[in-house]
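Results of the structural survey
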Amino acid sequence: GESVGLHLPTLSVQEGDNSIINCAYSNSASDYFIWYKQESGKGPQFIIDIRSNMDKRQGQRVTVLLNKTVKHLSLQIAATQPGDSAVYFCAETTGNQFYFGTGTSLTVIP
Amino acid sequence: KAGVTQTPRYLIKTRGQQVTLSCSPISGHRSVSWYQQTPGQGLQFLFEYFSETQRNKGNFPGRFSGRQFSNSRSEMNVSTLELGDSALYLCASSLISSSYNEQFFGPGTRLTVL
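Residues numbered from 1 in each chain as written. Chains lettered and ligands numbered in written order. Predicted model: local features only at pLDDT ≥ 70, side-chain atom pairs only at ≥ 80, totals over all residues. Heavy atoms only, no water.

Things to note about the packing of aromatic side chains
Two aromatic rings are characterised by how far apart their centres lie and by the angle between their planes. Counted by the stated rule, this structure contains 11 aromatic pairs over all chains. Seen in terms of ring centroids, F98 of chain A and F100 of chain A are 6.1 Å apart; in terms of plane orientation they differ by 50°. Their pairing is tilted. The pair formed by F98 of chain A and F100 of chain A is uniform in burial state, with each residue classed as buried. Each ring, one from F60 of chain B and one from F64 of chain B, has its centre 5.2 Å from the other, and the planes form 65°; the classification is edge-to-face. (Phe/Tyr/Trp six-rings, centres within 6.5 Å; stacked < 30°, edge-to-face > 60°. Buried < 20%, exposed > 50% of the residue type's maximum accessible area, 1.4 Å probe, protein only.)

See the structure below:
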């Protein structure tokens, strides 16, 4: 089966610093990846996605890096703000269904 | 545009009972997927419905079932509840049935089985 995991279950950063959240995936055939943010009491919210034909994609304050060689995905959040405190999930798919990691809890320290 | 809504938001049941959860997708969305979220397993895919047909199914026992109505609203049912069924059940809607299409999640139904 699929295996999508996160290196660290929790991450604490100072407000204004950059955050890096990592994710490992096991299926080399996965060709689409998404990062989600889930705040307490809410459902996951789409942050950014990347296709396997890219190795980097930037959004507003967020960057996703994809390293297919080692099957690794990372989410970088620039100038982390208190509102970024949440659980972050990566998800992968080959087009059939999504497989999600268990999540990393990001805490921003004011 | 209203988001995905799920009812009820919280539910407490006892072992052996059955439960039905409801999901109303974003207007115009025809695909609804259901997920189970637990602290240890994360989000796990249950099934997807598109145009009233189940398109994909995850690795869950037959106690978990679902359906979709002609207005795209979906229900999932869990029969003979077990303690391990306690979880947050999320539904997500998308325009079409494709994992390459963005999914929009509802707030979830928190099910507690005693």
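After that view of the structure, there is still more to cover.
Considerations on the interface of chain B and chain A
Counting residues at the interface gives 20 residues for chain B and 20 residues for chain A. Remark: the boundary between chain B and chain A carries zero salt bridges. Remark: the boundary between chain B and chain A carries two residue pairs in polar contact (both at pLDDT 80 or more). Looking at which element gives the most residues to the side of chain B that touches chain A, the answer is strand 5 (residues 42-50) of chain B, with three residues. Across the side of chain B that touches chain A, the residue classes break down as eight nonpolar, nine polar and three charged. (Contact = heavy atoms within 4.5 Å. Salt bridge = Lys/Arg side-chain N within 4 Å of Asp/Glu carboxyl O. Polar contact = N/O pair within 3.5 Å; in protein donor to acceptor, adjacent residues only side chain to side chain. Helix = DSSP H or I, 4+ residues; strand = E, 2+ residues; numbered from the N terminus. Nonpolar A, V, L, I, M, F, W, Y, C, P; charged D, E, K, R; others polar.)

With respect to the environment of Y89 of chain B
All names here are of chain B. Checked against the element boundaries, Y89 lands in strand 9 (residues 87-94). On a C-alpha basis, the gap between Y89 and P8 in space is 11 Å, while along the polypeptide they are 81 residues apart. Those residues in contact with Y89 that lie beyond four places of it in its chain are Q6, L21, Y35, Q36, L46, F64, M76, G108, T109 and L111.

Let's talk about the pairing of strand 4 (residues 31-38) of chain B
All names here are of chain B. For strand 4, a buried count of eight out of eight residues is recorded, marking the element as mostly surrounded by other parts of the structure. Because side chains alternate across strand 4, one face comprises the buried residues S31, S33, Y35 and Q37, and the other comprises V32, W34, Q36 and T38, equally buried. Looking at chain direction, strand 4 and strand 5 are connected through eight bridges and run antiparallel. Paired with V32 across the strands is Y49, a residue of strand 5. (Pairing = 2+ DSSP bridges.)

Looking at the state of the cysteines
For the coordinates displayed, the defined rule picks out two disulfides over all chains. Disulfide pairing places C23 of chain A opposite C90 of chain A at an S-S distance of 1.7 Å. Because the torsion about its S-S bond is 50°, the bridge between C23 of chain A and C90 of chain A counts as right-handed. Of this pair, C23 of chain A sits in strand 3 (residues 19-25) while C90 of chain A sits in strand 9 (residues 86-93), placing them 67 residues apart in sequence. Grouping residues by exposure puts C23 of chain A and C90 of chain A together as buried. Here C23 of chain B is linked by a disulfide to C91 of chain B, with a sulfur-sulfur distance of 1.9 Å. Looking down the S-S bond of the C23 of chain B and C91 of chain B bridge, the torsion is 65°, so its handedness is right-handed. (Disulfide = S-S within 2.5 Å.)

Remember that the coordinates give geometry; whether it matters functionally is a separate question.
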